Amino acid sequence: PFVYSEFLNAGLIPICNSIDVFRQLSNRRKHLYNSKFVHKLDSIYNQKTFMSSELKEMINDKLNSSKKTVLIHLKEIETNQVAKLTNPETYLLTLKYLKKKYNLIFVGREKMPLIFKDYIDFNYSESHIATFDNDIELFKFADFAIINGSGLALLSDRVKTPFLLINYWHLPFQYFSKLNL
């Protein structure tokens, strides 16, 4: 039978069973991933897809065509992939530096911190055009991404966009990629 992770955290499972529990969790996650998303993610790099008119309009209106584009992500909630919440102020020096040479787009589904307002060219995460299909196209369009402990790293990896994965603390399921800066 499948053993839930909360039992492990509560100390109800002896340590010798921990490896079996992690193996069961891993197999279940692989099955869920394969059954729901592989058909969309496996071929998206080579697949001819078309950017939505709304996304094209945003790119033309909000971005400087002479600059490359960087996607910025920040988790605002503590989840199983984030060691602790990241203080948005720790991003400011990086954003200030990147803003000189890159277009910056805030991605994900979290609210953009107000202190990012002077640096971010477009807040995609809170826009009406934020959809999974547009996420794919945006990651294909971007030159690289800074991702905070999230499944967005998988998307970035699948479309061959280099990324920097920060604040990722999911020990049993480490994510290794040649594209991770």
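Report follows, based on the coordinates. (Residues numbered from 1 in each chain as written. Predicted model: local features only at pLDDT ≥ 70, side-chain atom pairs only at ≥ 80, totals over all residues. Heavy atoms only, no water.)

## Concerning the overall build of the protein
Put simply, the rule is: Secondary structure counts use DSSP, requiring at least four H or I residues in a row for a helix and at least two E residues in a row for a strand, with both numbered from the N terminus.
When its secondary structure is counted, the protein shows seven helices and five strands. The N-to-C order of helical and strand elements in the protein reads α-α-α-α-β-α-β-β-α-β-α-β.

## Concerning the pairing of strand β4 (residues 144–148)
For clarity, the cut-off: Exposure classes here rest on a 1.4 Å probe applied to the protein chains alone. A residue is buried below 20% of its type maximum, exposed above 50%, and partly exposed in between. DSSP-based pairing: two strands are paired if at least 2 bridges between them are found. Here, the term right-handed applies to a crossover whose path from the first strand over the helix to the second runs clockwise when the strands point away from the viewer.
Extensive coverage of β4 is indicated by the burial of five of its five residues. Covered by surrounding structure in β4 are F144, I146 and N148 together with A145 and I147, the residues of both alternating faces. Note that strand β1 (residues 68–72) and β4 share three bridges and pair parallel. Paired with V70 across the two strands is F144, which belongs to β4. As paired strands, β4 and strand β5 (residues 163–166) are joined by four bridges and run parallel to one another. The residue bridging I147 from the neighbouring strand is L165, located in β5. In terms of handedness, the path from β4 via helix α7 (residues 152–158) over to β5 forms a crossover that is right-handed.

## Observations concerning the nonpolar core
A general trend in soluble globular proteins is that nonpolar side chains are found buried together. Threshold: Within this scheme, the nonpolar core is defined by two criteria: the residues are buried Ala, Val, Leu, Ile, Met, Phe, Trp, Tyr or Cys, and they are joined through side-chain atoms within 4.5 Å. Here a residue-residue contact requires only that any non-hydrogen atoms of the pair lie within 4.5 Å.
Membership of the largest hydrophobic core comes to 23 residues, with the highest contact counts inside it found for I105, Y124 and F139. Counting only elements with at least two residues in this core, the list comes to α4 (53–62), α6 (132–141), β4, α7 and β5. Excluding residues that lie within four positions of it along the chain, Y124 makes contacts with L55, I105, F106, V107, R109, I129, A130, T131, N134, D135 and L138.

## Some thoughts on the environment of L104
Take L104: it is sitting in strand β2 (residues 102–106). The sequence separation of L104 and A145 amounts to 41 residues, and the corresponding C-alpha distance is 9.5 Å. Setting aside its immediate chain neighbours within four residues, L104 contacts V70, I72, L95, L98, K99, Y119, I120, D121 and F122.

## Concerning the side chain of N103
For clarity, the threshold we go by: Any N or O atom pair separated by 3.5 Å or less is treated as a polar contact, with the protein-specific requirement of one donor-capable and one acceptor-capable atom, and with residues adjacent in sequence counted only for side-chain atom pairs.
By the secondary structure assignment, N103 is in strand β2. Given the relative accessible area of 2%, N103 is considered buried. Within the local environment of N103, its side chain forms a polar contact with the backbone nitrogen of N64, the two atoms lying 2.9 Å apart. Not counting residues within four places of it along the chain, the set of residues in contact with N103 comprises L63, N64, K67, K68, T69, V70 and D121.

## Focus on the packing of aromatic side chains
Inclusion rule: Only centres within 6.5 Å qualify two rings of Phe, Tyr or Trp (six-membered ring in Trp) as a pair; their planes then separate them into stacked at under 30 degrees, edge-to-face at over 60, and tilted for everything else.
For the structure shown, the criterion picks out three aromatic pairs. Pairing Y91 with F116 gives two aromatic rings, centres 5.5 Å apart and planes at 35°, and the pair type is tilted. Note that Y91 is positioned in the loop between β1 and α5 (92–99) and F116 in the loop between β2 and β3 (122–123), a separation of 25 residues in sequence. Note on accessibility: Y91 and F116 belong to one class, buried. Measuring from centroid to centroid gives 5.6 Å for Y102 and F144, while their planes differ by 85°, and the two rings are edge-to-face. In this pair, Y102 is assigned in strand β2 and F144 in strand β4, connecting sequence segments 42 residues apart. Accessibility assignment for this pair places Y102 and F144 in one class, buried. Each member of the aromatic cluster is reached from another via a ring pair, and the members are Y91, F106 and F116.

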